[in-house]
Amino acid sequence: MIINTPCLIIGSGPAGYTAAIYAARADMKPLMFEGLQPGGQLTTTNEVENFPGYPQGVTGPEMMIQLKEQAARFDADIRPGFIEKVDFTGPIHRCWSDDGTEIHAQTVIIATGASAKYLGLESEQKYLQSGGGVSACAVCDGFFYRGQETVIVGAGDSACEEAHYLSKLCTKVTMLVRKDEFRASKIMAERVKNTANITILYNTETEEVLGDGNLVHGVRVRNTKTQETYEIPCTGFFVAIGHKPNTDIFKPFIELDETGYIKYAQPGSTRTNVTGVFVAGDAADKTYRQAITAAGTGCMAALDAERYLASQH
Ligand code: NDP
């Protein structure tokens, strides 16, 4: 089956839904494929307290349902499933979904986001899923651990930034660095080293996140030099070992940076190097990664796509 559409939106986080709301209201009849994780990364967040307009806060999944309803209200065609292949060589962009549907789109908005990397421990995943104290976003969830002790894993710029953010809220932050050095830029590493309530443990790996089944109360770590294992008490366990942008299928056509993020072709625009293909949200953002910034670029991408369509007529 072939579907023709003026606007295909790939992905359904705040970027994708905002693009769908704007595109639908502009009568572009957008078709959206929600992707592997409908609602995106926010569906693994508990409470969202920093998205303007929710004075009492809102849970990530609830906000995604509301954004979806808002897009559906204007007749955006929102479908389950994911786009598994694209061909951006011609003037009409061809995409294929996992159920075999072929889509011919005049414009495409990529809003596939990025996925936080996790250690992959069973205990980590258990408390992540249950919202019991594991998080990959200190800016999103750090506030819930104010006045408490937290542990953060990672040694890159993200880990340093997040550890510093946590240090302002928490009584103590323990940073687990698996090698004997930071990967982060010198200035970022120096900042955490000079923060009084951050303790850095080098050559240290996480063995298990400990808890009572509902809530985290510590972490068992191992020093890889001495093989000594011990427990560190904490109520929050933050993982900051990088993100992977979900951009693999676009690689043959779209220009990516060295870490796989899509490059904007022009400042102040969501255009990519392919005419008629735009990008919004974390697939092109390794700096801010917030729901509100993703929503903002989703809006920009829909406006850019609308202007592009108008210029074609
Ligand atoms: P990075 O890939 O730079 O760093 C990942 C860190 O996680 C490394 O220290 C790595 O350790 C560690 N790590 C990876 N896997 C594991 C594991 N299984 N167990 C323990 N530790 C692990 O990711 P970032 O997200 O920090 O940064 C991505 C990019 O974004 C970088 O280019 C960075 O400079 C940029 N950035 C810039 C910021 C700024 O300038 N304000 C802020 C945030 C990011 P190891 O070193 O041992 O490999």
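Residues numbered from 1 in each chain as written. Predicted model: local features only at pLDDT ≥ 70, side-chain atom pairs only at ≥ 80, totals over all residues. Heavy atoms only, no water.

A. Fine view of the domain arrangement of the protein chain. By domain assignment, the protein chain separates into domain 1 (2-115 + 243-312) and domain 2 (118-239). Contacts between domain 1 and domain 2 engage seven residues on the former and seven residues on the latter. Where domain 1 meets domain 2, there are zero residue pairs in polar contact (both at pLDDT 80 or more). Across the side of domain 1 that touches domain 2, the residue classes break down as no nonpolar, four polar and three charged. (Domains from an automatic or database assignment. Contact = heavy atoms within 4.5 Å. Polar contact = N/O pair within 3.5 Å; in protein donor to acceptor, adjacent residues only side chain to side chain. Nonpolar A, V, L, I, M, F, W, Y, C, P; charged D, E, K, R; others polar.)

B. Focus on the nonpolar core. Counting residues in each nonpolar core, the largest one holds 33 residues, and the members touching the most others are Ile9, Met63 and Ile109. Listing elements by their share of this core, those giving two or more residues are strand E1 (2-10), helix H1 (14-25), helix H2 (60-73) and helix H7 (291-312). The element that contributes the greatest number of residues to this core is H7, accounting for eight residues. With residues near it in sequence (within four places) discarded, Met63 still touches Leu42, Phe51, Tyr54, Val58 and Ala291. The next biggest cluster of nonpolar side chains, apart from the first, holds 22 residues, and it includes Ile10, Ile83, Ala105 and Ala284. (Core = buried A, V, L, I, M, F, W, Y, C linked by side-chain atoms within 4.5 Å. Buried < 20%, exposed > 50% of the residue type's maximum accessible area, 1.4 Å probe, protein only. Helix = DSSP H or I, 4+ residues; strand = E, 2+ residues; numbered from the N terminus.)

C. Unusual backbone geometry, seen in detail. In this structure, Asp27 is a non-glycine residue whose phi angle is positive, near 60°. Residue position: Asp27 is located in the loop between H1 and strand E2 (31-33). At Asn203, a position not held by glycine, the phi torsion is positive, near 50°. Topologically, Asn203 is positioned in the loop between strand E13 (198-201) and strand E14 (204-211).

D. Structural context of the site of the ligand. Not every one of the 14 residues close to the ligand is listed here, only the nearest: Asp157, Ser158, Glu161, Arg178 and Arg183. At 3.3 Å, a backbone N or O of Gly156 approaches an oxygen atom of the ligand. With respect to the ligand, the side chain of Ser158 contributes an N or O atom lying 2.6 Å from an oxygen atom. Its free accessible area being 900 Å², the ligand has 73% of it covered by the protein chains. The greatest single-element share of the shell around the ligand, amounting to three residues, is contributed by helix H5 (residues 157-167). (Near = heavy atom within 4 Å. Areas by Shrake-Rupley, 256 points an atom, 1.4 Å probe, with all protein chains shown as cover.)

E. View of H5. Looking only at H5, the buried set comprises Ala159, Cys160, Glu162, Ala163, His164, Leu166 and Ser167. Elements that come into contact with the buried residues of H5 comprise helix H4 (138-141), strand E11 (149-153), strand E12 (172-176), helix H6 (186-193), E13 and strand E17 (236-239).

F. View of the environment of Gly236. Note on placement: Gly236 falls in strand E17. With 203 residues separating them along the chain, Gly236 and Phe33 place their C-alpha atoms 34 Å apart. Leaving out residues up to four positions away in the same chain, Gly236 has contacts with Gly133, Tyr145, Glu149, Thr150 and Val151.

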